[in-house]
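# Remarks on the overall topology
Each chain, written out:
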Amino acid sequence: MIDIQFFRWVIFFIIFCPLFTFSQTGSNYWGSDFGTKAQLLNGAVIAGVDDNSSVFYNPAAIGVGAENGLTFSVLSPQRRIVRTNSVQVGNQRLTDFEFLPNIFVYAFSPFKNKKTSFAITLFSKNEVDFSLKHNYIQSLADGNFYNGSVTFDNVIRNRWAGVGVSHEIHPNVRIGLTQFITLFTQEQLLGVNSNIFSDLDSSVPLSFIHEQVQINRNKRFGAISKLGFLFQTGIGEIGLNFTSPLLYSLSTEGTYQYNRTELNSSGEISQTGGTDTNAPTVKFQTPFSLGVGIKTPLNDKQTLYISSEYFAGISAYEAIKGSDNSLPFTTYDQARTVLNLAVGYESKISDTFTLLAGFKTDFSQLRADDLNLSNEFSISKFQWDLYHLTLGGQWIF
């Protein structure tokens, strides 16, 4: 059997407001959802997932509700509107239109009793191309003017492949495990320009500081495991999952470059910086997480979904440390604990149409006072707490 989700869930319309998936800034965990129904319910499917995206959300649900065979979830459009209120980029309204991440799953049950089911999956966890520039002008007490700008580019490619298995250990209890192999690359450029002018029409600054940091990190064949449980109860389904931290990585590599040019008030220019194209120390860390969800029917046509996930914190660690001691910094990374909540609503309007809506929090793993280390740099992230709202429908024919 081949089940292509774009044709099965033929038409759906999604509204995201006021903040959607800017996990591509690198500081939010719940940016992407996989599978049409999970996307419309905003990922509130740790319990109640009834398609093959269970291999990601709760492997205990593999083979529950979904038919075996090949599943594609493709061509899922999103309109994204983000309003920022940040000291880093000020108040901006960012919009774009793109397609949500896709997922491929092949599910099968090799045994006649179907108590044990397997799934193989490929999907893109993050596909990010994020770029912004913010300019800032302020008059100074001495009559001069400060003109500053921040340029930030962040490109992330995070691809996952996995094999999952679930087993019914009791008529009302299932357990499942998915083993993922991940490949991660990140290219990041941060430029900060600070200029002092005698007046706004002048093209020649009295003084300036121009800094640019470029960081590249690559991780190949890292391993992450996800364990899931599913319970059938009198009030509905209860789901639990545990996602391991990054267990190991067979290959890591990284480079960084730093340049600083300064013109002081005496007219003297100084330059510092350098490049390390083969940094000997490149590390990646991801947190473990614990998730819980419930799916409970409100009546014969309406269903409520609630999910929550706790992400552990990560202490500051050296992400990239170069071999050239003349470079004036080491690059650090870290993460705070995060607790997110998602609520989904499903209403069966007719035999062919179902209305779905969802809301979820997507709190940042970083705060403004983190990694405030002297003469050091951090992997650049925005401290944005996001709130996702979705509304859509499924037509089956």
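Please read all numbers here as calculations on a predicted model, not as lab measurements. (Residues numbered from 1 in each chain as written. Predicted model: local features only at pLDDT ≥ 70, side-chain atom pairs only at ≥ 80, totals over all residues. Heavy atoms only, no water.)

Across its full length, the protein chain carries 3 helices and 21 strands. Nonlocal contacts in the protein chain, meaning residues at least 24 apart in sequence, comprise 70% of its contacts between residues at least 6 apart. Of the roughly 18800 Å² of accessible surface on the protein chain, a fraction of 57% belongs to carbon and sulfur atoms. (Helix = DSSP H or I, 4+ residues; strand = E, 2+ residues; numbered from the N terminus. Contact = heavy atoms within 4.5 Å. Areas by Shrake-Rupley, 256 points an atom, 1.4 Å probe, with all protein chains shown as cover.)

Moving on to the pairing of strand β17 (residues 331-335). Counting buried residues in β17 gives 5 out of 5 residues, a clear majority hidden from the surface. By the alternation rule, side chains of β17 split into Thr331, Asp333 and Ala335 and Tyr332 and Gln334, which are all buried. (Buried < 20%, exposed > 50% of the residue type's maximum accessible area, 1.4 Å probe, protein only.)

Time to look at the side chain of Asn195. With respect to the helices and strands, Asn195 occurs in strand β8 (residues 173-197). Polar contacts involving the side chain of Asn195 include one to the side chain of His210, which spans 3.0 Å. (Polar contact = N/O pair within 3.5 Å; in protein donor to acceptor, adjacent residues only side chain to side chain.)

Let us look at a nonpolar patch on the surface. On the surface, Leu183, Phe221, Leu247, Tyr248 and Leu250 cluster together into a nonpolar patch covering about 520 Å² of accessible area. Looking at the element boundaries, Leu250 is found in strand β11 (residues 248-263). (Patch = residues over 30% accessible without salt bridge, like charges linked within 9 Å, V, L, I, M, F, W, Y side chains within 5 Å. Salt bridge = Lys/Arg side-chain N within 4 Å of Asp/Glu carboxyl O.)

Bringing the pattern of salt bridges into the picture now. Summed over the entire model, instances satisfying the criterion amount to 6 salt bridges. A salt bridge links Lys360 to Asp33; the shortest N-O distance between them is 2.8 Å. Here Asp33 lies in the loop between α1 (5-8) and α2 (36-40) and Lys360 lies in strand β19 (residues 353-362), a separation of 327 residues in the sequence. Classification of Asp33 by relative accessible area gives buried; the value is 11%. Its salt-bridge partner being Glu211, residue Arg260 comes within 3.2 Å of it at the nearest N-O pair. Taken together, the positions of Arg260 in strand β11 and Glu211 in strand β9 (residues 207-233) put the pair 49 residues apart, joining distant regions of the chain. Arg260 sits in the partly exposed class, given a relative accessible area of 24%.

So, about the nonpolar core. Ranked by size, the top nonpolar core spans 43 residues in total, and within it Phe56 and Phe123 carry the most contacts. Not counting residues within four places of it along the chain, the set of residues in contact with Phe56 comprises Phe34, Phe123, Lys125, Trp160, Phe180 and Lys226. Grouped together as the second largest cluster of nonpolar side chains are 5 residues, Phe130, Phe152, Trp384 and Leu386 included. (Core = buried A, V, L, I, M, F, W, Y, C linked by side-chain atoms within 4.5 Å.)

Now for the packing of aromatic side chains. One pass over the structure, following the stated rule, counts 17 aromatic pairs. With centroids separated by 4.6 Å and ring planes inclined at 45°, the aromatic side chains of Phe353 and Trp395 adopt a geometry described as tilted. Of this pair, Phe353 sits in strand β19 while Trp395 sits in strand β21 (residues 386-395), and the two are 42 residues apart along the sequence. Given a relative accessible area of 17%, Phe353 falls into the buried group. Ring centres 5.9 Å apart and planes at 85° place the aromatic pair Phe363 and Tyr387 in the edge-to-face group. Of this pair, Phe363 sits in the loop between β19 and β20 (377-378) while Tyr387 sits in strand β21, placing them 24 residues apart in sequence. Tyr387 sits in the partly exposed class, given a relative accessible area of 34%. Taken together, the ring pairs connect Phe34, Phe56, Tyr57, Phe123, Trp160 and Phe180 into an aromatic cluster. Residue placement shows Lys226 over the ring face of Phe56; its charged tip is 4.3 Å from the ring centre. (Phe/Tyr/Trp six-rings, centres within 6.5 Å; stacked < 30°, edge-to-face > 60°. Lys NZ or Arg CZ within 6 Å of the ring centre and 35° of its normal.)

Of all residues in the protein chain, 78% have pLDDT values of 70 or greater, and the mean over the chain is 79. When mean pLDDT is compared element by element in the protein chain, strand β15 (residues 302-311) scores highest at 98, while α1 scores lowest at 32. Here residues 1-25 is a poorly scored stretch, pLDDT under 50, and it has 97 contacts once near neighbours within four places are set aside; other chains count. Predicted confidence for residues 371-375 stays below pLDDT 50, and this span has 8 contacts to residues more than four positions away or in other chains. (pLDDT = per-residue confidence, 0-100.)

What follows deals with the side chain of Asn241. Among the secondary structure elements, Asn241 is positioned in strand β10 (residues 236-243). Look at Asn241 and you get buried, because its relative accessible area is 5%. Reaching out from Asn241, the side chain makes a polar contact with the backbone oxygen of Tyr57 at a distance of 2.9 Å. The residues touching Asn241, leaving out its near neighbours within four places in the chain, are Ile46, Tyr57, Leu227, Gly228, Ser289, Leu290, Gly291 and Glu309.

This next bit is on unusual backbone geometry. In the Ramachandran plot, Asn42 falls in the positive-phi region, its phi being about 60° despite a non-glycine side chain. Position of Asn42 relative to the elements: it lies in the loop between α2 and α3 (54-57).

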